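Each chain, written out:
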Amino acid sequence: MTESADETGGYPAARLRLLQGDAPGGPDRRAALARLTDDWLAALLDRAASAAGVPGAALVAVGGYGRGELSPRSDLDLLLLHDGRTDPGAVAKLADHLWYPVWDLGLDLDHSVRTPDEARKAAREDLKVQLGLLDARHLAGDGELTAALRTAAYADWRESAPKRLPELHDLCQERAERQGELQFLLEPDLKEAKGGLRDATALRAVAASWLADAPRGGLEAARTLLLDTRDALHLATGRATDRLSLQEQDQVAAALGVPDADALLRRTYEAARTISYAADVTWREVGRVLRPRSVRPTLRGLLSGRTTGRSERSPLAEGVVELDGEAVLARTARPEHDPVLVLRAAAAAAQAGLPLATHAIRRCATASAARPLPVPWPAEAREQLVTLLGAGAPTVPVWESLEAEGIVTALLPEWEHVRCRPQRNPVHTWTVDRHLVETAVRASALTRRVHRPDLLLIAALLHDIGKGRPGDHSAAGEPLARDIAARLGFEARDTAVIGALVRHHLLLIETATRRDLDDPATVRAVAEAVGHAGTLELLHALTEADALATGPAAWSAWRGGLVAGLVERVAAHLAGEAEEDIVGADEPTAEQERLAVEAGRTRGPVLALHARAETPTEHEAQEPVGVELHIAVPDQPGVLPAAAGVLALHRLTVRAADLRTLDPIGNGPVLLLSWRVAAEYGSLPDADRLRVDLVRALDGSLDVPVRLAERERAYARRARAALAPPPRVTVAPGTSRTATVIEVRAQDAHGLLHRIGRALEAAGVCVRSAHISTLGANAVDAFYVTEPDGRPLAEKAATALAESVQSALL
């Protein structure tokens, strides 16, 4: 028996010595406090049972005390069990002899008096009571009574788990909505907020059901850290509080040996993030396990497309499939030979609005450690990162999964410095790292406003990468962003733009709200800092995305109007400078000339398909991802939509394309289409098959629109969780003196280029040349069109054409 614990007067002194002594805190002190309290309560029960004449009784600790985890100001959760054969008055007298000494010492007490049957009935009626019984621990009295209740409680829980786990999940979600996410709060509730101690306890209950279990990596260490923090908070305040308020953080940090309050919050956030991630994965697994139980067995085998004992796998990307509502690796995937696979899987998951399976991430993480991406990154890796960032809201859970498994810091080592970093400014809703991801999410909705959505998304991800470093974070972040962009494989000009966006990401909002916009010097200073109209366009979108991701107080219609007015004035100032013209393609290569000659001679389509080398050179790393496909076709109506439709039917994604007209042998014009394509999944089709289908599409024997519509219906069941921004089709004024330029910015999708081509064909215009670019999941296309007689379109006709193309894409 612990020293002096057998006497009522001795327990307070012994407790005080334990809490104020030099012995270290942590799990050992919590266990020691529990043992000390156990001994005291056992002595109380012995004396009380003799005085009340109640032999068949047991004292049981439940909840946190049942787990042997007593914080300095924790309440005591106690259950007095009796066999029901004793006079109720005697039982009540026994209870009074137990509870009053506890109250006399000023300790908080949560108590109940029940028979085992009454305890089980209460558990059936109250989920919280049932959860408490899962941690029941015998303290004193009839041990067989306690053991029987524990056995029955676990059996009841496992039997009722299919019904009670969804109820527990609902309670966790309601609590999270009330209390917020611990990992982002400046004054978090260590117990009630999402990712706090309540969630850790819920995970223990899920594990006890035997239906699912939480990822164990770091989970116990995270729970222990939160308990240690709560212990220090109790001692610092002298109160039973779980809220880590601002005024207590320095004192708590000192008690824990942490440098300062920011370091305290950061490690608290890291622990909460671990618990929150484990909870998300676990509840997803619970849903997967319980889903088949919600359908009667007689119906499960009748569900269309389902086979008993098997799950359907739907391809998402090369090496990635959908299985049971998650993105997982295909059976044939070999991440040890495919370092881009983790990014491809993440991008595919986000685009489909699916979670990325934990085992898939871990398998890729192991492979990536052995074979990291080369530097600079290959073009596909960069494209997949941009696609992931451009997926909108579904990007967040996928990114958090990558971060939880160490993938993000492995790909971007600079990320570690901003990970879980708190922001003391109350305007900010998120930690630095989550703010960066949220900014990319906001930017994804603005990609139709810019010519280079890939640069916007990367700048959004990196704009605060300098926070936490000495000096101005914008200035500190510029060289970091440049280094990262170069490592990702962006060419020098794009790297400079990304660096400039990071350096000046606060320029527009600060100038618009703090300077006189009617002063020419103000406009001139901004123009000199920005340097180019294209950079200004990107900076405008980044400014809005950054403010929207900061919090509701950071952006308003008034601020947006000020920034837009400043941008308009700066753009007018920059318009006096020589702008880069949108020009046609370079001169055709010898092979392209040969194909055009052959097509002109045979009066039929000629194709050439060239796979790229597996290891790209430094120059190739700057090129769009994919293989080269050249098609030469004698000029005739419908070539562009037919060719684009055939590529879509063969599951080829167009990454870049050029269209031009040649007349190599004076035998009539030949359309030359140069494509950069990539297979969505599987191997590339044979060039002869492509040619046969193109001939059929041109002569009408292959109904491309009908086939594409069938494909769209097949994909419709896997709807995106968040809608992409609507397409935007505009006329680019002043970009060509000999043609009208129609610009299309839209979400890349099956048959997109086919629909654009059909709309242009229906309008009766001639496509003189086309320049197709797919940046991540965004298509940015330019079409040089003329009237049949070769003249540019009149202004009204050009506007009507843009509207009709946009309508065709909606």
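Residues numbered from 1 in each chain as written. Predicted model: local features only at pLDDT ≥ 70, side-chain atom pairs only at ≥ 80, totals over all residues. Heavy atoms only, no water.

## What to know about helix H10 (residues 246–256)
Inference 1: Of all the positions in H10, only Glu-248, Gln-249, Val-252 and Ala-253 are classed as buried. One face of H10 carries all of its buried residues, which in axial projection span an arc of 140°. Exposed residues on H10 whose side chains face more than 90 degrees from its buried face are Gln-247, Asp-250, Ala-254 and Ala-255.
Inference 2: Lining the buried residues of H10 we find helix H9 (219–237) and helix H11 (261–290). (Buried < 20%, exposed > 50% of the residue type's maximum accessible area, 1.4 Å probe, protein only. Helix = DSSP H or I, 4+ residues; strand = E, 2+ residues; numbered from the N terminus. Arc of directions from axis to C-beta. Contact = heavy atoms within 4.5 Å.)

## Here's the deal with the sheet that holds strand S15 (residues 778–786)
Inference 1: In spatial order, the strands read S8-S9-S11-S10-S14-S15-S13-S12; together these eight strands make up an open sheet with antiparallel pairing. The outermost strands of the open sheet, each flanked by one partner alone, are strand S8 (606–610) and strand S12 (728–731). On average, adjacent strands in this sheet sit at an angle of 15° to one another, irrespective of strand direction.
Inference 2: When S8 meets strand S9 (residues 627–634), the two strands line up antiparallel, connected through five bridges. Its bridge partner lying in S9, Leu-609 is registered against Leu-629.
Inference 3: Here helix H28 (residues 687–699) sits on the sheet in contact with S8, S9 and strand S10 (652–662), set at roughly 145° to S8. (Pairing = 2+ DSSP bridges. Axes fitted to C-alpha atoms, helices over the stretch in contact; angles between N-to-C directions.)

## A short note on the pairing of S15
Inference 1: The element S15 is extensively covered by neighbouring structure, given that nine of its nine residues are classed as buried.
Inference 2: Burial of the side chains of S15 extends over both faces: Asn-778, Val-780, Ala-782, Tyr-784 and Thr-786 are buried on one face and Ala-779, Asp-781, Phe-783 and Val-785 on the other.
Inference 3: In the sheet, strand S13 (residues 740–747) pairs with S15 via eight bridges, with the strands oriented antiparallel. Residue pairing in the sheet places Arg-745 in a bridge with Val-780 of S15.
Inference 4: Taken together, the nine bridges between strand S14 (residues 766–775) and S15 define a ladder with antiparallel strand orientation.

## Some words on the sheet that holds strand S5 (residues 313–317)
Inference 1: Ordered by their spatial adjacency, three strands build an open sheet running S5-S6-S7, and the pairing between neighbours is antiparallel. Every interior strand has two partners, whereas the edge strands, S5 and strand S7 (326–329), have only one. The sheet shows a mean angle of 40° between the axes of neighbouring strands, direction not considered.
Inference 2: Of the pairings in the sheet, the one linking strand S6 (residues 320–323) to S7 comprises four bridges and is antiparallel in character. When the sheet's bridge partners are listed, Glu-322 is paired in S7 with Ala-327.

## A few points about the packing of helix H8 (residues 197–209) against H11
Inference 1: Between H8 and H11, the shortest axis-to-axis distance is 10 Å and the interhelical angle comes to 35°. Here H8 runs over H11; the crossing is left-handed. The segment H8 lies against H11, with Asp-199, Ala-200, Leu-203 and Val-206 engaging Ile-275, Ala-278, Ala-279, Thr-282, Trp-283 and Val-286.
Inference 2: When its residues are assigned to classes, the contact of H8 with H11 shows eight nonpolar, one polar and one charged. (Left-handed = near helix turned anticlockwise from the far one by under 90°. Nonpolar A, V, L, I, M, F, W, Y, C, P; charged D, E, K, R; others polar.)

## Structural notes on the packing of helix H18 (residues 432–444) against helix H19 (residues 453–462)
Inference 1: Interhelical geometry of H18 versus H19 gives an angle of 155° and a closest axis separation of 7 Å. The orientation of H18 relative to H19 falls into the category roughly antiparallel. In terms of crossing hand, the pair formed by H18 and H19 is right-handed. On the side of H18, the interface is formed by Leu-436, Val-437, Thr-439, Ala-440, Ala-443 and Ser-444, while H19 contributes Leu-456, Leu-457, Ala-460, Leu-461 and Leu-462.
Inference 2: Looking at side-chain class alone, the contact of H18 with H19 contains nine nonpolar, two polar and no charged residues. (Parallel < 35°, antiparallel > 145°, perpendicular 65-115°, else oblique.)

## Let's talk about the confidence of the model for the protein
Inference 1: Per-residue pLDDT for the protein averages 87, and the proportion of residues at 70 or more is 92%.
Inference 2: Counted against residues more than four places away or in other chains, residues 1–8, with its pLDDT under 50, gives 19 contacts.
Inference 3: In the predicted structure, residues 613–624 sits below a pLDDT of 50 and forms 23 contacts with residues beyond four places in sequence or in another chain. (pLDDT = per-residue confidence, 0-100.)

## Describing the environment of Glu-270
Inference 1: As for its placement among the helices and strands, Glu-270 is situated in helix H11.
Inference 2: The spatial distance from the C-alpha of Glu-270 to the C-alpha of Val-780 is 39 Å, given a sequence separation of 510 residues.
Inference 3: Look past the residues within four positions of Glu-270 in its chain and what remains in contact with it is Arg-419 and Cys-420.
Inference 4: Polar side-chain contacts of Glu-270 include one of 3.3 Å to the side chain of Arg-419. (Polar contact = N/O pair within 3.5 Å; in protein donor to acceptor, adjacent residues only side chain to side chain.)

## Regarding the pattern of salt bridges
Where side chains of opposite charge bring their charged atoms close, a pairing between them can arise.
Inference 1: Counted by the stated rule, this structure contains 45 salt bridges.
Inference 2: Across the pair Asp-231 and Arg-30 runs a salt bridge, and its minimum N-O distance is 2.7 Å. In this pair, Asp-231 is assigned in helix H9 and Arg-30 in helix H2 (residues 27–52), connecting sequence segments 201 residues apart.
Inference 3: The partner of Glu-69 in a salt bridge is Arg-223, with the nearest N and O atoms 2.6 Å apart. One end of the pair, Glu-69, is in the loop between helix H3 (63–66) and strand S2 (76–82); the other, Arg-223, is in helix H9, with 154 residues separating them in the sequence. (Salt bridge = Lys/Arg side-chain N within 4 Å of Asp/Glu carboxyl O.)

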